[in-house]
Each structure stands twice: as C-alpha cells, then as structure tokens.
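Here are the chains, one letter per residue:
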Number of protein chains: 2
Amino acid sequence: MNGIDLAVSTVIFALRPDADDRLVLSIPLVRRTREPFEGHWALPGGGADAAESLDATAARTLEETTGLTPAYLEQLYCFGEPDRSPSGRVVSIVYWALVRGDEAEQATIDENVAWFPADELPRLAFDHNLIVDYALWRLRNKLEYSRIAHAFLGETFTLTALRQVHEIVLQRPLDPANFRRQIEASRAVVPTGEHVTGGRHRPPRLYRYDATVDLVDRGPLTPAGIR
Amino acid sequence: MNGIDLAVSTVIFALRPDADDRLVLSIPLVRRTREPFEGHWALPGGGADAAESLDATAARTLEETTGLTPAYLEQLYCFGEPDRSPSGRVVSIVYWALVRGDEAEQATIDENVAWFPADELPRLAFDHNLIVDYALWRLRNKLEYSRIAHAFLGETFTLTALRQVHEIVLQRPLDPANFRRQIEASRAVVPTGEHVTGGRHRPPRLYRYDATVDLVDRGPLTPAGIR
C-alpha cells in the first residue's frame, strides 16, 4: 500500500549431531529458486498475507518450506533497512524458536532444505546473515540469565545434559560443580525424584523446569496459540 | 504491495509533575483528526515511507506530531493482528524511548497533543491500549534487572532520586537501605566524588552510571544514530 512489501522469516535453533556425532547449534535454511539471490540459502519464510496474523504466517511459511511445526514461535525483531532487498523495499518480521532434536528430525530435507551450523554459514540471501547473528546474540544473552536451555531437551533431563547444552551454545567449557551450584541456586530446575534408568551403580538424577518459560515472555500479549 | 499498510508508532515515557507536583509516569498522545477513531487519542506515529528506514520514520513522525526528539528510539514490538484497524490491514512497528523531564518539556502541547498518566489512559484508538500495556510491562520488567532508570534523570543523580524513579515506575515504596545495598551491589552506579551543592550540613553524594546502557541492547545491530 505504501510501496513496501511485508515478509515473515523464521530462525529455528536445534542441537543436531555433526558427522562426528557431536551436537552442534544448527538452523534450517532454504535454497532460493528465483531472483533475487537465486541459488543462495535463506531463512525459511514468505510474504505476509493480509487475512492472516503475523504469527500464523510465520508458522505456515515455516511448515510449507521445511515441514517444521514448533509448538510456539516468538517474534524476535523487525528488519527494515531500505536497501536490504535489491528488488524493492521489503520489511521482514522475524520469528524464532528453539526445538528439540526429535522435533528437528521432522524437517523435510531435500536438495533445497538443509541444516547448517549456526556459526558457519555461507553468504546468505538479503541481510539474513545479520539476522542470524542477531538471533545468536539474543540466544546467548538469554541463556546467561534466563531459563531457555530446556527447550532443546525433553521434559526431564540430567544436569550433565543441561550443562552440555550451555557449553554447545556458548561455545566454551563450563565447570560442572560451578554449573550445578548456579542452576540449583536459580531454583529454575527441580529434581523429579526419578533417575536415569539402566544398570548403572549410581544413576544420574533427572530434573525438570518448574514452569514453562518462553524464549521471550510476552506479558500482556496473548500467546500466539497457532496450533 | 500485499494489501497491508505499514505504520510506525512510538511510546515515550517520562516522569512529569501532576497538579499536586507529584511525578507521574506519563506518555504523550495525539488526538486523531480523521477516521477511523476520529477524536480518539492515539500514540504518535504515521505511515512508513518506502525510502526511509523504520528508525528514521519513527523519529520523524514523533517530531512532526509532538516536537519530541529523543536521542535514540528503540524497537519494541511489531503489532499486526488482522482486525486491529477497521479501515484495512495495518501492521505497526512500535518504538519506545525514555526521556528526561527537561526533554519532555520540549513537546508541543496544544489541544491535539497532551501528556497522560500511563496507568490512567482513556480508550485509545486501534489497539494502542494494548501497546501501552505491553510497553509498561516491559519497562517494569527491565527496571528490575537492568539499568534503565537513569534515562529519566540527568547525568548525575542522588540515590534518593534514583530510588524515587523506581518507586514511581513500580508504583510501590522501596526500603531506602535495601535499595542502596542492591544498587551498590549491582555496580551499575558509581559515586562521582561530587555532592549536591547548597548549604546543607551533609549534602547527598552524586552518582552516575558507569556506561550508557540502552533500553534494549541491540547487539550486532548498528545503533540507529538518527540524529
């Protein structure tokens, strides 16, 4: 209407095994099949639809391009520099989500959809490298003071698994005893009373978060509740 | 282009004296002079311009409607529910800023521009009440763990003034000794070595923040640097 196209893109983070079976912070990308940036990899997404909420457009375009259906996508930031697309003015509302490994495996993978290590991306279409950099920075920042690491894990987990998530995302080793003290002091994590099953002499205890905490608490905004 | 209009709106927070000379958390509103919502109060803003960055549109439309020119506006959230405007689909990128009392006094006040107590608003145009509620929630949340209260004050301030800002925004009294301990422990505030001038027997010490901290740290995004 004012000569501006509105698009929605999504950054999905998951921990996925690489060729050496080491977990790597990864995002799914889609290869563009038309200009501009034909052949370049880009974030999943698509044009906004006048009849649909932005949240719904984010979920729909993500599913259409990758087959992924995270329970909840949250708004990250709106990117709107005048020169970010060579084919005219496009403002992109960017959503993000963290998904567990088993959810990530539901993605449709073909020659035009693939997972990439989030820290080793090729030159992406548009300003999508900047968008991923911003999402990575927000993720690492939130990990330090918030309770989002569990989104990469199942409902219950060991403290060792939780520490490994922090180590992979932050890209540095953490002292196990210090990590345990900090997590226990934060009271974000509570023991379930259960232990890892199996024949071990001292099976590790299982923990869970005491409440569902979203990536970004939206306060008075109603949750998207897309599906 | 896809049948969606893009607009920019701004929430400006300041502490301003009421009729009894008590400081109140306040925002400037603009009365609409055309449909939809003619005669209703609304957030300052306007339509996006295809040749202008969103940051620049936010600054320009704020100045055009209110005369306010905060040094830095930050993106708050993007509101895009399909039914938020009765005259067609409008997606609004919302910016926010905190300004000092002396900056707030630069606003053009006439019959169509006025300051309102942020917690006692009339029914605003569109979903602007929801937008203000969300901005208030974010402001109160950030005040608890961040270092943003100084944006309401000058470069140096007393701890009493800083505590009063917190009390006004959070709408509850804070214990002076506890507040002092928490602020000193956070190391966000450092004594300047100066004292309030005047003939008092024990003039209060002046403090400053040890760095400029924005409402929202934008990480890899370059600061708007609008003016």
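Residues numbered from 1 in each chain as written. Chains lettered and ligands numbered in written order. Predicted model: local features only at pLDDT ≥ 70, side-chain atom pairs only at ≥ 80, totals over all residues. Heavy atoms only, no water.

- As annotated in an unreviewed UniProt entry, chain A carries the name NUDIX hydrolase and is attributed to Protaetiibacter larvae.

**Some points on the packing of aromatic side chains**
Moving on, step 1. Scanning the entire structure with this criterion turns up 14 aromatic pairs over all chains.
Moving on, step 2. Summarising the aromatic geometry, the rings of Trp-41 of chain B and Phe-116 of chain B are spaced 4.9 Å apart at their centres and angled 65° between planes, so their arrangement reads as edge-to-face. Here Trp-41 of chain B, found in strand E3 (residues 41-42), pairs with Phe-116 of chain B, found in strand E7 (residues 113-117); they are 75 residues apart in sequence, far enough to count as distant.
Moving on, step 3. Put simply, the rings of Tyr-77, Phe-79, Tyr-134 and Trp-137 of chain A touch in pairs and so form one group of aromatic residues. (Phe/Tyr/Trp six-rings, centres within 6.5 Å; stacked < 30°, edge-to-face > 60°. Helix = DSSP H or I, 4+ residues; strand = E, 2+ residues; numbered from the N terminus.)

**Looking at the relation of the copies chain B and chain A**
Moving on, step 1. Overlaying chain B with chain A gives an RMSD of 0.0 Å, the required rotation being 180° about an axis along which the chain moves by 0.0 Å. Viewed as a symmetry operation, the transformation between the two copies matches a two-fold axis.
Moving on, step 2. Comparing interface residues between copies, 100% of those in chain B also lie at the interface in chain A; the contact surface is shared. (Least-squares fit on C-alpha atoms with pLDDT ≥ 70 in both. Contact = heavy atoms within 4.5 Å.)

**Side note on the pairing of strand E2 (residues 23-31) of chain A**
Residue and element names in this part refer to chain A.
Moving on, step 1. Pairing of strand E1 (residues 5-17) with E2 involves 4 bridges; the strand directions are antiparallel. Across the sheet, the residue bridging to Pro-17 is Leu-23, located in E2.
Moving on, step 2. Judged from the 5 bridges that link them, E2 and strand E7 (residues 113-117) form a sheet pairing that is antiparallel. Across the sheet, the residue bridging to Ile-27 is Phe-116, located in E7. (Pairing = 2+ DSSP bridges.)

**Description of the interface of chain B and chain A**
Moving on, step 1. Each side of the interface is counted separately: chain B has 34 residues, and chain A has 34 residues.
Moving on, step 2. The contact between chain B and chain A buries some 3,100 Å² in all, and 61% of this surface belongs to carbon and sulfur atoms.
Moving on, step 3. Counting across the interface, chain B meets chain A through 0 salt bridges.
Moving on, step 4. When residues of the side of chain B that touches chain A are traced back to their parent elements, those giving at least two are strand E1 (5-17), strand E5 (74-79), strand E6 (90-98) and helix H3 (128-145) of chain B.
Moving on, step 5. Per-element tally for the side of chain B that touches chain A: the top contributor is H3 of chain B, with 5 residues.
Moving on, step 6. Per-class residue counts for the side of chain B that touches chain A are 19 nonpolar, 7 polar and 8 charged. (Buried area = accessible area lost by both parts, 1.4 Å probe. Salt bridge = Lys/Arg side-chain N within 4 Å of Asp/Glu carboxyl O. Nonpolar A, V, L, I, M, F, W, Y, C, P; charged D, E, K, R; others polar.)

**Overview of the domain arrangement of chain A**
Residue and element names in this part refer to chain A.
Moving on, step 1. Assigned domains of chain A: these are domain 1 (5-143) and domain 2 (147-209).
Moving on, step 2. At the junction of the two partners, domain 1 supplies 15 residues and domain 2 supplies 12 residues.
Moving on, step 3. Each partner contributes to the roughly 1,200 Å² buried at the junction of domain 1 and domain 2, and carbon and sulfur atoms together form 77% of this total.
Moving on, step 4. When the buried surface of domain 1 facing domain 2 is broken down by residue, Leu-15, Leu-98 and Leu-143 rank first, second and third, together holding 47% of it.
Moving on, step 5. On the surface where domain 1 and domain 2 come into contact, there are 0 salt bridges.
Moving on, step 6. The interface formed by domain 1 and domain 2 contains 3 residue pairs in polar contact (both at pLDDT 80 or more).
Moving on, step 7. Elements that contribute at least two residues to the side of domain 1 that touches domain 2 include exactly E1, E2 and helix H3 (128-145).
Moving on, step 8. It is H3 that contributes the most residues to the side of domain 1 that touches domain 2, 4 residues altogether.
Moving on, step 9. Its residues assigned to classes, the side of domain 1 that touches domain 2 comprises 10 nonpolar, 1 polar and 4 charged. (Domains from an automatic or database assignment. Polar contact = N/O pair within 3.5 Å; in protein donor to acceptor, adjacent residues only side chain to side chain.)

**With respect to helix H1 (residues 54-66) of chain A**
Moving on, step 1. Along its 13 residues, H1 of chain A runs 18 Å from first to last C-alpha, staying within 8% of the 18 Å computed at 1.5 Å per residue.
Moving on, step 2. The positive-phi residue at the C-terminal boundary of H1 of chain A is Gly-67 of chain A, with phi of around 80°. (Expected span 1.5 Å × (residues − 1).)

**Let's talk about helix H4 (residues 159-170) of chain A**
Residue and element names in this part refer to chain A.
Moving on, step 1. Between its first and last C-alpha atoms H4 spans 16 Å; for 12 residues at 1.5 Å apiece the expected length is 16 Å, and the two agree.
Moving on, step 2. Listing the buried residues of H4 in full gives Leu-159, Leu-162, Arg-163, Val-165, His-166, Glu-167, Ile-168, Val-169 and Leu-170.
Moving on, step 3. Immediately beyond the C-terminal end of H4, within one or two residues, lies Gln-171, with a positive phi of roughly 60°. (Buried < 20%, exposed > 50% of the residue type's maximum accessible area, 1.4 Å probe, protein only.)

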